[in-house]
Amino acid sequence: MPKYFSILFAALTLSSYSQESSLEFNTDIGLFNSSINYQLLSQSYGFLDAKEKSNIIDALKAENNIAFESNNTFLYQNKKGWELSLSNHIGAYATYSKSLVELSLLGNTPFKGENLKLNPIDITAFNYSQLDFSYQWSKKIQTSIGLLLGHHFLNATVNDARFYTHSQAAFINYQLDYEAHFTDTTDLLQKPFGNKGYGAVFGISFKDSVSNGEIELSISDLGFIRWNDKTSNMHIESQYEFEGINIDDFISFSDSIIRNKIDSLQSDLQSNIKESYNWQLPTRFKLSINQPLYNSIIQGYSLTIEQRINLYDVPKLTLEVHKKKKKHRLALGYHIGGVEHNGFQFSYLYGGEKTHFHIYTKQFNAGIPSISYGLHIGIGIKRVFSSSK
């Protein structure tokens, strides 16, 4: 990390000799979920009675998402068309099924005779830093290439999970097909930015004018990280049937009986191979259309469609309207899809001659408990430099 900062600061020194340049810092952090609002969450602590359990289950969809994101970026822009950025990206995304929550809250008794399908269960978490160089080849085309330093990683996928309880409770049966890859976590707290892998990334964008407006198509995060040979790789395919413990003589019962059962389950967990693992970044495809409206109240709108490979089951669609007055710009939008619940977003931008300030949120309805499904805040500060002739 320190050497990356040295490269960035060396570039910033050159800014004083350029005709015009800028330095920008952007940060945002957010916690999202797709199904349970704050009002229901605040009522779901401690002991849950039957009604509270029912309320949680009724709020869930067949597939549900929880996500955490944190991004920090330093960006240097030169008037000659090139940019240099240093960023850190932390993300954690989980998908879980409604049937898994039902089994956890209600136990297996209500599902006697049913073959419960518990998947999908997917968890992806990462922490990596990125050094990017981009160049604008023309007014329409810009490309970027970057180096990645991987810090920590987890990817766990349950391909198939089924749970069956005999109608007379004579036995229970489960089937599991599970795959996981994760880096060494022994120094997670001591070295959160340790070196666990290297990678590369590429991006390209195309921008053009259409009907007095603008259209932009971009591909970013097209790359990979090769995690080191201390990465754990597990693949488990298991089926187990439990018929209870037959105790003919109570005196002969001991913890060794339970221990034998546990040992038989643990034997499936021994397929842990330490070797390198290639992980593809969640590549981002985005299409944006910006159109002026020439209205005194709403001066324009933008429509954005975004898809992130292996993260979004459904592309994210955002419609935003904006108004600009002198140095101030306000925007209000609404989004659906992605890993978030449908909701409003808001941003405010101050664009001074030398200083720009930006504050925004993708969870503008966070203050209303009944429609609040997360928290998010983002801040950006930009400083423009000009050299004296």
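Residues numbered from 1 in each chain as written. Predicted model: local features only at pLDDT ≥ 70, side-chain atom pairs only at ≥ 80, totals over all residues. Heavy atoms only, no water.

The secondary structure content of the chain amounts to five helices and 19 strands. Out of the 389 residues belonging to the chain, those deemed buried represent 37%. For the chain, long-range pairs separated by at least 24 residues make up 65% of all intrachain contacts whose partners lie at least 6 apart in sequence. Total accessible area computed for the chain in this model is approximately 22,300 Å², and 59% of it derives from carbon and sulfur atoms. (Helix = DSSP H or I, 4+ residues; strand = E, 2+ residues; numbered from the N terminus. Buried < 20%, exposed > 50% of the residue type's maximum accessible area, 1.4 Å probe, protein only. Contact = heavy atoms within 4.5 Å. Areas by Shrake-Rupley, 256 points an atom, 1.4 Å probe, with all protein chains shown as cover.)

Take the packing of aromatic side chains next. Applying the stated criterion across every chain, the model contains 13 aromatic pairs. Ring centres of phenylalanine 153 and tryptophan 279 lie 5.0 Å apart, and the angle between their planes is 45 degrees; on these two criteria the pair is classed as tilted. Here tryptophan 279 lies in strand β12 (residues 277-280) and phenylalanine 153 lies in strand β6 (residues 141-165), a separation of 126 residues in the sequence. Note on accessibility: phenylalanine 153 and tryptophan 279 belong to one class, buried. Ring geometry for phenylalanine 346 and phenylalanine 364: centres 5.0 Å apart, planes at 20 degrees, overall stacked. (Phe/Tyr/Trp six-rings, centres within 6.5 Å; stacked < 30°, edge-to-face > 60°.)

Bringing the packing of helix α3 (residues 50-59) against helix α4 (residues 98-106) into the picture now. Taken N-terminus to C-terminus, the directions of α3 and α4 make an angle of 175 degrees; their axes are 10 Å apart at the nearest point. One way to sum up the angle between α3 and α4 is to call them roughly antiparallel. Contacts between α3 and α4 pair Lys53, Ile56 and Ile57 from the former with Lys98, Val101, Glu102, Leu105 and Leu106 from the latter. Partitioning the contact of α3 with α4 into residue classes produces five nonpolar, no polar and three charged. (Axes fitted to C-alpha atoms, helices over the stretch in contact; angles between N-to-C directions. Parallel < 35°, antiparallel > 145°, perpendicular 65-115°, else oblique. Nonpolar A, V, L, I, M, F, W, Y, C, P; charged D, E, K, R; others polar.)

So, about the environment of isoleucine 121. As for its placement among the helices and strands, isoleucine 121 is situated in strand β5 (residues 121-136). The spacing of isoleucine 121 and aspartate 160 is 39 residues in sequence and 8.8 Å in space, taken between C-alpha atoms.

A few words on the pattern of salt bridges. Close approach of charged atoms lets side chains of opposite charge pair. A full pass over the atoms with the stated rule returns seven salt bridges. Of the charged contacts in the structure, one is a salt bridge between arginine 162 and aspartate 160, with a shortest N-O distance of 3.3 Å. The network of salt bridges with shared partners includes Glu69, Arg308 and Lys362. (Salt bridge = Lys/Arg side-chain N within 4 Å of Asp/Glu carboxyl O.)

Another point: the nonpolar core. One broad rule of soluble globular proteins: the nonpolar side chains tend to lie buried together. Of all hydrophobic cores here, the largest spans 16 residues; its most connected members are Tyr128, Ile225, Trp279 and Leu281. Ignoring anything within four residues of it in the chain, the contact list for leucine 281 reads Tyr128, Leu148, Val201, Asp221, Gly223, Phe224 and Ile225. (Core = buried A, V, L, I, M, F, W, Y, C linked by side-chain atoms within 4.5 Å.)

So, about the pairing of β12. Residues of β12 alternate between two faces, with Tyr277 and Trp279 buried on one and Asn278 and Gln280 left unburied on the opposite face. Sheet topology places strand β9 (residues 213-227) next to β12; four bridges connect them, and they run antiparallel. Each residue of the ladder has a partner; that of tryptophan 227, found in β12, is tyrosine 277. (Pairing = 2+ DSSP bridges.)

Right, let's talk about unusual backbone geometry for a bit. Here the amide bond leading from asparagine 119 into proline 120 is cis, since omega sits at 15 degrees, within 30 degrees of zero. Residue aspartate 221 is not a glycine yet carries a positive backbone phi of 55 degrees. Here aspartate 221 shows up in strand β9. Of note, the phi angle at asparagine 310 is positive, near 70 degrees, even though the residue is not glycine.

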